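# Examination of the molecular architecture
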Amino acid sequence: MDILKTHNIEKKFANHVALDNVSISIPENSIYGLLGPNGAGKTTLIRIINRITAPDKGEVLLNGRPLQPEDVNRIGYLPEERGLYKKMKVGEQALYLAQLKGLSKKESLKRLKMWFEKFEIQAWWDKKVEELSKGMAQKIQFVTTILHEPQLLIFDEPFSGFDPINANMLKQEILDLKKKGSTIIFSTHNMGSVEELCDHITLINNSKNILEGQIDDIRKTYKSNVYEIAFNGETNKLASSLNPNYEIVEKTKANGYNAVKVKLHKQTNENELLSLIIPSVEVISFKEIIPSMNDIFINVVNENKI
Amino acid sequence: MNKIKLIISREYLTRVKKKSFLVMTILGPILFAAMMIVPAWLASREDTEVRHIAVVDSSGIFIDRIEDTDYIKFEYLNDKSIHEVKKDFSESKYYAVLQILPSITYEPTAVHLFSNTQPSFSIKSHIANSMEKELKYRKLKSHGIDENILKSIKSEVSIRTIQWTEDGEEKESSTEVAMAVGYASGFLIYFFIFLFGAQVMRGVIEEKTNRIVEIIISSARPFQLMMGKIVGIALVGLTQFLLWIILTLMIITGVKTVFFPELGTQNAQEIVVQDLFEQEGVQQIEELQPQNLDKISSILNAAKSIDYGVLFGSFIFFFLGGYLLYGSLFAAIGAAVDNETDTQQFMLPITIPLIISIVVMMNVVQNPESPIAFWFSMIPLTSPIIMMVRIPFGVPYWELALSMGLLVLTFIGSVWLAGKIYRTGILMYGKKTSYKELWKWLRYKS
């Protein structure tokens, strides 16, 4: 079941098209990566899902129904450009933001107390935000985003500004939230965290949705039949043992051994390759190169430019 | 609806709890009270030092004829020459020496006042007045006019204005009082619109630069946030205004009872004096003192004649109306820019009508019924100030109603327009906004 669907969303601004016929489906209880270069239209799409702006055409369905004004209370949003009122006290501010999301004062206080204890930040309650560091303020923002236990969470570049320790903690919290049943939309440029966290992705480039699917499937689709072989012996000897169906694309080193990356052309397979090289060198390791999300991202975006 | 209440209360509470609010609340009335008390205090302290002036009158006309006042005493030294007086001057008790030459009857400059300081203007004019009066007497007398006739022709006219109200009552009014109240209310509205309108703008810019705005509008609609801010700050303004009035009254009464206890009793005397004159009709008025008292009492009566209910009610209405109109425009400006320095180009068109109001106000207090006064009190951008200036003079109810109606329509329109600019503007970062851009924003779909 898809928790959120967008149908043929179109949004034009004065001088450019921000979103052109974008349809995505976000499966329930997944972590959904929203990828794309700067200015591709990710933030506009997120704003439409949050009802901050309205699309020119198309519709957004939450739980199968068109998005209603009250639905913003079921969504938690941590924008990329985020901040807090500098002169306001941390506790007051968190309480205010929680109540804006429809929680009662009593309930907000109870939950805030719990989270402040969990993050060990009770001492900040009466401090003004301007006294906090950027990372500290980010923690408060994270707490206020998830406090109303929304069904759908949207994080726009959540890790920017966090040190590695806090970033790791945040990652754990996100995985925890998923375990508890939330669905998470995750917009980022950090492909490492995409591979680590996301189940599904969609890649938006030039206002269009150019790639969508399960992350494992996508990586399989984009693999280019390249294998890396690390071996003991001379590279030339190995090269001379290959026939024209195999092409050495790169000569490298791996863990102190010589290594080559070999691309397999049609009508060949890994076993045949191994049987060809085993007589000439001592094979240490043999593995298929599965493209990283980073490579896929760059490839797909570049292909689309042409 | 619940969300807008939350926003209003946040905007209100954070501002009211600020130290600057407390400081302004306390300083404001002190300044207001000082504005009213200090001149009175200064007037009451007016030169209590008694000054003696030696008169060397070689014409012989003015001996014992220049009036002494409470603080200026004249002594006539006719047996001495001016040189003798000059020689002893520094050891003498005299403040100045008045020399009158015999040619005074036909030569106006034949009077000299010697002193080692610059004599005050009031002394100079007192001497000149007394001498002119004496000379006039003498000249008229030399034409054979009797002294009693001379006394009886001295007349005074003091016009008391009385308004006939629609239900036939008579109300004593005073142009001076109406002018003063008109000025004060006009300026106060101007001041409030600027002060609190700018606060709206700063609040919007703060949210934009702090980048909290996107978090808020993912919970509440931009219009709710804008209106919440405008209404919250309006309440801050009203709170401050009421606190000022209460504190000012407290300070004034406090100071009055402590420092000027005689003021209270004086009132009663004035009324007695006034009644006396009313019985006798307009008669020759010899003395200065009762006439002054009469003026004061007529001012007090006139001040009482202003309908404070209408004045206060209109003030609140025009303050809120003008503030909503300008406040929404200020909010739109705040949303259109990234920081306060960029506001200049948009501030100008908003500031101009306000400045024009102040300029027109100078004219309107002189002439509250003129076509200029009428039209500027109808145009919604200037009406909050100009209408407030006119109200103490009495404005027909239909004009007041029309002006209020137009203001309401306009602020609804301006809030609607501002909402459209605001909605788009708060999400635009790092781009310098032009008027062309604003026009495009107005046409975006919500």
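Calculation notes
Residues numbered from 1 in each chain as written. Chains lettered and ligands numbered in written order. Predicted model: local features only at pLDDT ≥ 70, side-chain atom pairs only at ≥ 80, totals over all residues. Helix = DSSP H or I, 4+ residues; strand = E, 2+ residues; numbered from the N terminus. Contact = placed C-beta atoms within 7 Å. Buried ≥ 20, exposed ≤ 12 C-beta atoms within 10 Å, placed from the backbone. Pairing = 2+ DSSP bridges. Axes fitted to C-alpha atoms, helices over the stretch in contact; angles between N-to-C directions. Nonpolar A, V, L, I, M, F, W, Y, C, P; charged D, E, K, R; others polar. Right-handed = clockwise from strand over helix to strand, strands pointing away. Core = buried A, V, L, I, M, F, W, Y, C linked by C-beta atoms within 7 Å. Domains from an automatic or database assignment. Parallel < 35°, antiparallel > 145°, perpendicular 65-115°, else oblique. Left-handed = near helix turned anticlockwise from the far one by under 90°. pLDDT = per-residue confidence, 0-100.

## Points about the overall build of chain A
Along its length, chain A carries 10 helices and 14 strands. With the C-alpha coordinates aligned to their principal axes, the bounding extent of chain A is approximately 75 × 45 × 35 Å. Counting only contacts in chain A whose residues sit at least 6 apart along the sequence, the fraction spanning at least 24 positions is 72%.

## Let's talk about helix 1 (residues 42-49) of chain A
Residues and elements named next belong to chain A. The buried count for helix 1 comes to 8 of 8 residues, which makes it a mostly enclosed element. Looking at helix 1, one finds that the buried residues are Lys 42, Thr 43, Thr 44, Leu 45, Ile 46, Arg 47, Ile 48 and Ile 49. Looking at the residues trailing helix 1, positive phi occurs at Arg 51, about 60 degrees.

## As for unusual backbone geometry
For Glu120(A), which is not glycine, the phi dihedral falls at a positive 55 degrees. According to the C-beta neighbour criterion, Glu120(A) is exposed, with 8 such atoms within 10 Å. Of note in the backbone geometry, Asp64(B) takes a positive phi value of approximately 60 degrees without being a glycine. Relative to the elements of secondary structure, Asp64(B) occurs in the loop between strand 1 (51-57) and strand 2 (72-76). Here Asp64(B) falls in the exposed class, since 10 other C-beta atoms lie within 10 Å of it.

## Some remarks on the sheet that holds strand 1 of chain B
All names here are of chain B. The mixed open sheet is built from 4 strands, whose spatial order is 2-1-3-4. The two strands at the open ends of the sheet, each matched to only one other strand, are strand 2 and strand 4 (111-114). Strand-to-strand twist of the sheet, defined as the mean angle between neighbouring strand axes without regard to direction, takes the value 25 degrees. Inspection of the sheet shows strand 3 (residues 94-100) paired to strand 4 by 4 bridges, in the antiparallel sense. What sits directly across from Val 97, in strand 4, is Phe 114.

## A few points about the interface of chain A and chain B
Between chain A and chain B, the contact holds 20 residues from the first and 18 residues from the second. Ranked by residue count, the leading element in the side of chain A that touches chain B is helix 2 (residues 90-100) of chain A, at 4 residues. Classifying every residue of the side of chain A that touches chain B gives 12 nonpolar, 3 polar and 5 charged.

## Let's talk about the pairing of strand 8 (residues 183-187) of chain A
Residue and element names in this part refer to chain A. Summarising burial for strand 8: 5 of the 5 residues are buried, a large majority. Where burial is concerned, the two faces of strand 8 agree: the one with Thr 183, Ile 185 and Ser 187 and the one with Ile 184 and Phe 186 are both buried. Across 4 bridges, strand 3 (residues 31-35) lies against strand 8 in parallel orientation. For Tyr 32, the partnering residue across the bridge sits in strand 8 and is Ile 185. Relative to strand 8, strand 7 (residues 152-156) is paired through 5 bridges, and the arrangement is parallel. Its bridge partner being in strand 8, Asp 156 is matched across the sheet by Ser 187. A crossover links strand 7 with its parallel partner strand 8, the connecting element being helix 5 (residues 164-179), and its sense is right-handed.

## Points about the nonpolar core
Core analysis: the largest hydrophobic core is formed by 122 residues, its most contacted members being Ile154(A), Phe186(A), Ala331(B), Ala332(B) and Ile386(B). It is helix 11 (residues 308-336) of chain B that provides the largest number of residues to this core, a total of 13 residues. Beyond its immediate sequence surroundings of up to four residues, Ile386(B) is in contact with Ser357(B), Val360(B), Met361(B), Val364(B), Ala373(B), Phe376(B) and Ser377(B). With 15 residues, the next largest nonpolar core counts Ile53(B), Val97(B), Leu98(B) and Ile127(B) among its residues.

## With respect to the domain arrangement of chain A
Where the parts come together, the accessible area they lose is often given as the size of the interface. We note that the domain assignment places domain 1 (2-220) and domain 2 (224-289) within chain A. Computed over C-alpha atoms only, the centres of domain 1 of chain A and domain 2 of chain A are separated by 45 Å.

## Points about the packing of helix 6 (residues 175-210) of chain B against helix 11 of chain B
Residue and element names in this part refer to chain B. Orientation of helix 6 relative to helix 11, taken along the N-to-C sense of each, is 30 degrees, at an axis distance of 8 Å. Considering their axes alone, helix 6 and helix 11 lie roughly parallel with respect to each other. Handedness of the crossing formed by helix 6 with helix 11: right-handed. Residues Ser 185, Ile 189, Phe 192, Ile 193, Phe 196, Gly 197, Ala 198, Val 200, Met 201, Val 204, Ile 205 and Lys 208 of helix 6 pack against Phe 315, Phe 318, Phe 319, Gly 322, Tyr 323, Tyr 326, Gly 327, Phe 330, Ala 331, Ile 333, Gly 334 and Ala 335 of helix 11.

## Things to note about the confidence of the model for chain B
Detailed conclusions should not be drawn from predicted coordinates in areas where pLDDT is low. Residue and element names in this part refer to chain B. Predicted confidence across chain B gives a mean pLDDT of 81, with 84% of residues reaching 70 or more. Summarising per-element confidence for chain B, the mean pLDDT is lowest in helix 9 (residues 261-280) (46) and highest in helix 1 (residues 2-16) (92). Here residues 264-289 is modelled with pLDDT under 50, and outside its nearest four sequence neighbours on either side it reaches 15 contacts, counting other chains as well. Both scores are given for the predicted complex: the pTM is 0.74, the ipTM 0.79.

## Some words on the sheet that holds strand 10 (residues 208-214) of chain A
All names here are of chain A. As summarised here, the arrangement of the 6 strands in space is 6-7-8-3-9-10, forming an open sheet in which the pairing is mixed. Strands with a single pairing partner mark the edges of an open sheet, and in this sheet they are strand 6 (75-78) and strand 10. Each strand of the sheet is rotated relative to its neighbour by a mean of 15 degrees, with strand direction disregarded. Strands strand 3, strand 9 (200-205) and strand 10 of the sheet are contacted by helix 10 (residues 293-305), whose axis makes an angle of about 35 degrees with strand 9.

## Here we look at the environment of Cys198(A)
Residue and element names in this part refer to chain A. Looking at the element boundaries, Cys 198 is found in the loop between helix 6 (191-197) and strand 9. The class for Cys 198 is buried, based on 22 C-beta atoms found within 10 Å. Residues Cys 198 and Ala 123, spaced 75 residues apart in sequence, show a C-alpha to C-alpha distance of 34 Å. If sequence neighbours within four positions are ignored, Cys 198 has contacts with Ile 31, Tyr 32, Gly 33, Phe 186 and Ile 215.

## Some details on the environment of Leu78(A)
All names here are of chain A. You can see Leu 78 is positioned in strand 6. Given 21 C-beta atoms within 10 Å, Leu 78 falls into the buried group. Contact partners of Leu 78, with chain neighbours within four places excluded, come to Gln 141, Phe 142, Thr 145, Ile 154, Phe 155, Asp 156 and Pro 158.

## As for the pairing of strand 1 (residues 2-12) of chain A
Residues and elements named next belong to chain A. Across 7 bridges, strand 1 lies against strand 2 (residues 17-27) in antiparallel orientation. Bridge assignment links Leu 4 to a residue of strand 2, and that residue is Ile 26. Between the antiparallel neighbours strand 1 and strand 2 lie 4 residues. Direction of pairing for strand 1 relative to strand 4 (residues 57-62): antiparallel, over a ladder of 5 bridges. Residue Thr 6 lies in a different strand from strand 4, and its bridge partner there is Val 60.

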